Structures are given as C-alpha cells and as structure tokens.
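# Understanding the architecture of this molecule
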Amino acid sequence: MEHPDSILIVDFGSQVTQLIARRVREAGVYSEIAPFQSAAAAFARMRPAGVILSGGPASVLDEGSPRIPQEILESGVPLFGICYGQQALMHQLGGTVEKGSSGEFGEAFIDIADRCSLFDAVWREGERHQVWMSHGDKVTALAPGFRPVAASSGAPYAVIADDARRIYAMQFHPEVVHTPDGGKLIANFARHVCGLRGDWTMAEFRQAKIEEIRAQVGKGRVICGLSGGVDSAVAAVLIHEAIGDQLTCVFVDGGILRAGEAEQVVGLFRGAYNIPLVHVQAQTLFMDGLAGVTDPEAKRKFIGKTFIEVFEAEAKKIGGAEFLAQGTLYPDVIESVSFTGGPSVTIKSHHNVGGLPERMNMKLVEPLRELFKDEVRALGRELGLPEIFVGRHPFPGPGLAIRIPGEVTKERCDILRKADAIYLEEIRDAGLYDAIWQAFAVLLPVRSVGVMGDGRTYDSVLALRAVTSTDGMTAQAFEFPGGFLARVTTRIINEVKGINRVTYDYTSKPPGTIEWE
C-alpha cells in the first residue's frame with residue numbers, strides 16, 4: 001500500500017540495517033526495509049518521502065555488487081547514503097571510489113567543515129564529534145554537485161551534501177549507539193530534508209490497522225494461536241477490537257510454559273476481554289513426544305509440528321474459519337540479504353505456526369508484521385493490556401523445552417518452572433525487571449555433588465541468565481548488585497528439590513546467543 005509519509009530503507013546487507021528503521025521510527029516517522037533486489041518495487045508501492053541507503057559488506061568496485069535502482073536515483077526524492085550507500089551513490093553518480101589501504105573500523109572522530117541540513121541543531125562548523133566507522137573502500141572524488149561537510153583522518157569525505165538535489169551521504173554509521181548523535185542526524189533527514197512531521201503514533205497505527213483488518217476479513221471468521229507471549233496476545237486483542245466474536249483464540253498448553261502462565265492467559269482473555277478462547281490441555285502429548293529427544297533443532301521441530309497438529313484439530317472442531325492470525329513481527333519478515341545470491345546461515349529455526357496456512361488453506365492476518373518488539377509493547381499499552389503482561393520479557397515459542405539442554409521431562413520442567421519463578425520474583429522485588437531485556441533460568445544436563453544438612457546430594461545444576469539489549473540483536477550480561485545472586489542462589493537451593501548448585505552466565509551476544517538452545 002502507498003505510504004507517502006514514510007521512509008524506505010534499501011538494504012545492501014548490513015548487519016545493522018534494522019537499527020536504521022528503528023532510528024527513523026524513534027523520530028516519529030514510519031519506515032520499511034526492502035532488500036536492494038526488490039527496492040524498486042517497494043519504492044513504487046510505497047511512494048515514500050525519502051530513501052535511506054544502508055551499509056553492506058560488498059565493494060562497489062567488484063563485479064556484480066549491489067546497485068541503487070535507477071528509478072530511485074532519478075525520482076527526485078531525498079536520498080541518504082550510509083557507508084556502502086555513500087559509495088554506491090558516488091560510483092553511480094560520477095564520483096570515484098577506491099580500495100582503501102587501511103580502512104577505518106571502530107570509534108573515530110570527524111571534524112565538521114561546513115553547514116548541512118543533517119547537522120541542524122546537532123553539529124556546528126569547527127566542532128569534532130565521535131562516530132562509528134566500518135569501511136575499507138573510500139570515496140576519493142565527489143560526483144558533480146556534491147560538497148564535503150565533514151572529514152575524518154581516514155575519510156576526507158566523511159559527510160557529503162548535494163543540497164539542490166537533497167542527497168546526503170556519510171561514511172560512518174549513524175544508526176549505531178556508538179555514534180552518539182546519530183539518531184538526531186537521521187531524524188533531521190526525515191523531518192528537515194524530507195519534510196515529514198514526525199507524528200506517527202501507536203494510536204494512529206491502531207486505528208489504521210483496525211480498518212485494515214475489517215477490510216481484509218469482512219464477515220469471515222478468524223482463529224488465532226496464542227502462545228502465552230506478548231506478540232500473539234497483542235495481535236489477538238487488536239483483531240478482537242476490529243471484528244469482535246468473529247475471532248476465536250486457541251491456547252495450546254504443552255506443559256512447557258512458565259509458572260502461572262496458562263492461568264494468566266485464560267484469565268485475561270476469558271475474563272478481562274471476553275474473547276472466545278479454547279484452552280487445550282496437551283501436556284501428556286508434548287512430554288511423550290519429547291521423551292528421549294536431546295537435539296535442540298529436533299525439539300523445536302517436534303514442538304512446532306505438534307502445535308500445528310493440535311491447532312489444526314481444534315480449528316476443525318471450531319469450523320468455518322477462513323483466516324489464521326499470527327503475532328509475526330517485523331524482524332521475522334525482513335528478508336536476509338545475501339549480495340552473492342547465496343542462502344543465509346540458519347542459526348536456529350524460528351518458531352511460528354509456519355505450515356498452517358498451506359495445510360489448512362487459510363489466509364493470514366498478521367497485524368503486527370510492521371512492528372518491532374518494543375512497538376508491540378507500546379501498542380499493547382495503547383490497547384489497555386495490563387503492564388505485568390505487556391512488559392514481560394521475551395519468551396521463546398518452544399518454551400522451557402529449549403531451556404532444558406538434554407532430555408525434556410515433566411519432572412525437569414517442574415523443577416525449572418519453580419526455580420525460574422523464584423529468580424524472576426527476586427528480580428521484580430529488587431526493582432530490576434524493567435532494566436533487564438531478558439532473564440531466565442536454564443536447567444543443565446549436569447549433576448554435581450553437594451552437602452545439605454548432614455547428607456550428600458547429587459543433584460542438578462541451574463544456570464541463571466540475564467542480559468541487557470536494545471533490540472535482541474546484540475546483548476550484554478546484566479551486572480546484578482552485590483548480594484543479589486547469592487540471595488537468589490540460597491532461595492533456589494533451599495526451595496527447589498533437585499538443584500544443589502547455581503551458576504551465572506556472563507556470555508555476551510555475540511559470541512553466544514541469548515537463549516542456550
């Protein structure tokens with residue numbers, strides 16, 4: 001659909017392209033990402049007010065490297081090139097890009113040489129500012145119409161401007177936190193250069209999406225699979241607001257949820273929102289199927305397959321549904337860009353209800369597919385969901401099963417569930433919950449010798465994990481205040497039979513992932 005008050009981001013394969021979209025939205029402007037291969041089609045569909053060209057790992061000097069679609073270059077809309085985006089602009093508009101002899105990687109400082117619309121109320125002529133560089137090639141001659149407005153020791157054209165054509169470009173990355181003023185530069189492009197008001201809000205999104213759902217569904221019936229997480233819950237409440245009792249939710253409890261989660265979901269949907277809900281007790285089915293399974297991918301695939309089968313059976317009982325609702329988010333639908341055309345590496349399977357639409361001949365309703373996680377939370381608050389539900393930490397689709405390396409059994413789920421509840425309770429009581437992106441416990445396939453009372457024990461080891469992050473793409477271990485971990489450890493060992501040792505995971509992402517499996 002057309003979105004003339006938006007910014008299109010052309011992705012050339014940068015690992016941080018999603019952050020550009022985040023910074024644009026933080027400026028109150030709607031944005032979408034399109035891979036360079038399909039950018040021309042996205043541009044024609046959206047008719048955006050401006051285009052941002054991302055960084056990427058390729059060299060514009062290599063044969064077959066990505067190019068900016070000619071339709072975008074000739075459109076007359078404002079353009080903003082970042083790193084590879086700057087080099088592509090110069091290469092295609094008549095400038096010169098050369099292989100760098102050393103490059104710049106990491107923290108750098110640029111000197112502001114002249115005024116520029118991107119710098120309004122942010123940087124002034126003669127100042128020096130910190131930025132984040134990551135480039136080998138560099139621009140050595142500007143295309144006609146461009147002027148240099150900032151330079152670094154390794155990039156004489158660190159920021160360039162063509163004011164007449166409203167084209168701006170920079171060699172560094174303004175989207176990352178290591179460029180402290182980067183978000184303001186991106187906001188200046190969206191507001192001052194593109195002339196957008198910056199008034200995109202969740203209230204506006206809510207109303208537009210309700211109208212869109214009504215137009216898509218008409219008088220049809222919709223079924224939604226609830227996982228117990230924030231995404232599917234927000235999607236269901238939004239859809240219910242749009243079409244009322246045309247929606248039925250199916251909540252499959254496979255025995256791999258957190259403590260009290262099933263009761264909370266059933267209470268919220270049947271009680272507070274009076275949304276038709278089918279609660280399927282499938283704990284035995286899931287536990288029997290997981291018996292003896294230790295490979296993480298095999299667990300994920302079994303859980304996904306079994307969920308589909310249970311959901312499909314319940315949907316047939318309900319009958320007559322034409323649409324399937326999912327809580328799919330924007331990071332799940334952004335295509336991975338490979339500038340060589342090869343496949344991307346799979347780190348782990350994404351757990352969703354993939355396969356259901358084809359098997360059940362249903363059309364998808366995905367009202368959250370344009371939102372990031374924090375935006376879903378904001379929408380949940382806009383819809384009136386309770387904060388204790390909206391503000392919950394992310395929880396994986398396969399649930400506790402991937403927090404139990406090794407075999408998953410009912411006994412081990414019960415042990416982990418109780419220990420995890422104590423950990424989160426202590427975090428909340430300490431006022432730390434909202435300062436942490438995600439916190440959880442992992443029951444290890446390791447047993448250790450211990451002493452309790454006058455007896456020897458040989459019980460399980462529990463690992464605690466807590467990380468800080470802005471988007472889940474990178475993460476750092478949370479530093480708890482003194483005494484906290486000791487207090488939690490004492491409670492868990494005293495109150496949870498089957499655990500006699502507790503450790504804390506300090507691994508960052510990368511090199512690790514946030515979850516253990």
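Here, the structure is the one placed above.
Residues numbered from 1 in each chain as written. Predicted model: local features only at pLDDT ≥ 70, side-chain atom pairs only at ≥ 80, totals over all residues. Heavy atoms only, no water.

### Focus: helix α16 (residues 484-495)
Stated formally: Secondary structure elements follow DSSP: runs of H or I no shorter than four residues count as helices, runs of E no shorter than two count as strands, and numbering proceeds from the N terminus. To estimate the expected span of a helix, count its residues, drop one, and scale the result by 1.5 Å. Buried, partly exposed and exposed residues are distinguished by accessible area as a fraction of the type maximum, computed with a 1.4 Å probe on protein chains only: under 20%, between the cut-offs, and over 50%, respectively. Picture the helix axis, draw a direction to every C-beta atom, and the arc is the one those directions span.
The end-to-end C-alpha distance of α16 is 17 Å, a good match for the 16 Å that 12 residues give at a rise of 1.5 Å each. Inspection of α16 places Phe484, Val488, Arg491 and Ile492 among the buried residues, and these make up the whole buried set. An end-on view of α16 places all buried positions within 95° of arc, on one side of the element.

### Considering the nonpolar core
Inclusion rule: Nine residue types can take part in a nonpolar core, namely buried Ala, Val, Leu, Ile, Met, Phe, Trp, Tyr and Cys, and a core is a set of them joined through side-chain atoms within 4.5 Å. In what follows, residue pairs with any heavy atoms lying within 4.5 Å of each other are defined as contacts.
Core analysis: the largest hydrophobic core is formed by 92 residues, its most contacted members being Phe269, Tyr423, Ile427, Leu462, Phe480 and Ile492. At 10 residues, helix α7 (residues 230-243) tops the list of elements feeding residues into this core. In this structure, Tyr423 is in contact with Ala439, Phe440, Ala441, Leu464, Arg465, Ala466, Phe480, Phe484, Val488 and Tyr504, ignoring residues within four places of it in sequence.

### Remarks on helix α13 (residues 373-382)
Of the residues making up α13, those classed as buried are Lys373, Glu375, Val376, Arg377, Leu379 and Gly380. Looking at the packing, one finds that the buried side of α13 touches α1 (17-26), α6 (202-217), α7 and α14 (387-390).

### As for the sheet that holds strand β14 (residues 277-281)
Keep this limit in mind: Here the rule is simple: two strands pair whenever DSSP picks up at least two bridges between them. Angles shown run from 0 to 180 degrees and are taken between the N-to-C directions of axes, each axis being a line fitted to C-alpha atoms and, for helices, limited to the stretch in contact.
Taken in spatial order, the 5 strands line up as β14-β13-β12-β15-β16 in an open sheet, and their pairing is parallel. Since the sheet does not close on itself, it has two edges, and those belong to β14 and β16 (363-365), each with one partner. Strand-to-strand twist in this sheet, taken as the mean axis angle between neighbours without regard to direction, amounts to 30°. Of the strand pairs in this sheet, strand β13 (residues 247-253) and β14 are connected by 5 bridges, and their pairing is parallel.

### Quick word on the packing of α6 against α7
How two helices pack is summed up by the angle between their axes together with the distance between the axes. For clarity, the threshold we go by: Oblique is the label for any angle not covered by the other classes, which are roughly parallel (under 35 degrees), roughly antiparallel (over 145) and roughly perpendicular (65 to 115). Should the near helix be turned counterclockwise from the far one by less than a right angle, the crossing is left-handed, whereas a clockwise turn marks it as right-handed.
At a closest axis distance of 9 Å, the pairing of α6 and α7 adopts a crossing angle of 65°. Taken together, the axis directions place α6 and α7 in an arrangement best described as roughly perpendicular. With respect to the hand of their crossing, α6 and α7 are arranged in right-handed fashion. Together, Arg206, Lys209, Ile210, Ile213, Arg214 and Val217 of α6 and Leu238, Ile239, Glu241, Ala242 and Ile243 of α7 make up the contact between the two elements.

### Regarding the pattern of salt bridges
Here is the rule we go by: Salt bridges are defined as contacts in which a side-chain nitrogen from Lys or Arg sits within 4 Å of a carboxyl oxygen from Asp or Glu.
As enumerated under the stated definition, the model contains 29 salt bridges in all. For Arg147, the salt bridge identified is with Asp114, shortest N-O distance 3.0 Å. Of the two residues, Arg147 sits in strand β9 (residues 147-152) while Asp114 sits in the loop between β6 (104-112) and β7 (128-135), which places them 33 residues apart along the sequence. The exposure class assigned to Asp114 is partly exposed, which follows from its relative accessible area of 30%. One salt bridge connects Arg381 with Glu387, and the closest N-O pair in it is separated by 2.8 Å. Through salt bridges with shared partners, one network takes in Glu425, Glu426, Arg487, Arg491 and Glu495.

### Let's talk about the environment of Leu185
One can find Leu185 in helix α5 (residues 182-193). Of the residues examined, Leu185 reaches a relative accessible area of 0% and is grouped as buried. Spatially, the C-alpha atoms of Leu185 and Trp123 are 9.1 Å apart, while their sequence positions differ by 62 residues. For Leu185, the contacting residues outside a window of four places in its chain are Leu118, Phe119, Val122, Trp123, Met170 and Phe172.

### As for the packing of α6 against α13
Under the convention used in this document: Amino acid classes used here: Ala, Val, Leu, Ile, Met, Phe, Trp, Tyr, Cys and Pro are nonpolar; Asp, Glu, Lys and Arg are charged; the rest, including Gly, are polar.
Relative to each other, α6 and α13 sit at 80°, their axes nearing to 9 Å. By the angle between their axes, α6 is roughly perpendicular relative to α13. For the pair α6 and α13, the contacting residues are Met202, Ala203, Phe205 and Arg206 in the first and Glu375, Ala378, Leu379 and Glu382 in the second. Of the residues assigned to the contact of α6 with α13, the class counts are 5 nonpolar, no polar and 3 charged.

### A word on the packing of aromatic side chains
Both the distance between ring centres and the angle between the ring planes are used here to describe each pair of aromatic rings. Rule in force here: In this analysis, rings of Phe, Tyr and Trp, with Trp reduced to its six-membered ring, are considered paired at centre separations within 6.5 Å, and the interplanar angle assigns stacked below 30 degrees, edge-to-face beyond 60, and tilted for intermediate values. In our convention, an over-ring charge means Lys NZ or Arg CZ found within 6 Å of a ring centre and within 35 degrees of that ring's normal.
The tally for this structure, following the rule as stated, stands at 14 aromatic pairs. Ring centres of Phe12 and Tyr84 lie 5.1 Å apart, and the angle between their planes is 55°; on these two criteria the pair is classed as tilted. Pair noted here: Phe12 is in the loop between β1 (6-11) and α1 and Tyr84 is in helix α4 (residues 84-93), with a separation of 72 residues, a long-range link. Here Phe80 and Phe189 contribute two aromatic rings whose centre-to-centre distance is 5.2 Å and whose plane-to-plane angle is 50°, an arrangement assigned as tilted. Here the residue Phe80 occupies a position in strand β4 (residues 79-82), and Phe189 occupies one in helix α5, the gap between them amounting to 109 residues. With relative accessibility at 0%, the residue Phe189 sits in the buried group. Taken together, the ring pairs connect Tyr423, Phe478, Phe480, Phe484, Tyr504 and Tyr506 into an aromatic cluster. If you follow Arg392 out to its NZ or CZ, it ends over the ring of Phe389, 4.3 Å from the centre.

### Focus: the pairing of β9
Looking at chain direction, β9 and strand β10 (residues 159-162) are connected through 3 bridges and run antiparallel. Residue pairing in the sheet places Pro148 in a bridge with Ile160 of β10. The turn joining β9 and β10, which pair antiparallel and follow one another in sequence, is formed by 6 residues.

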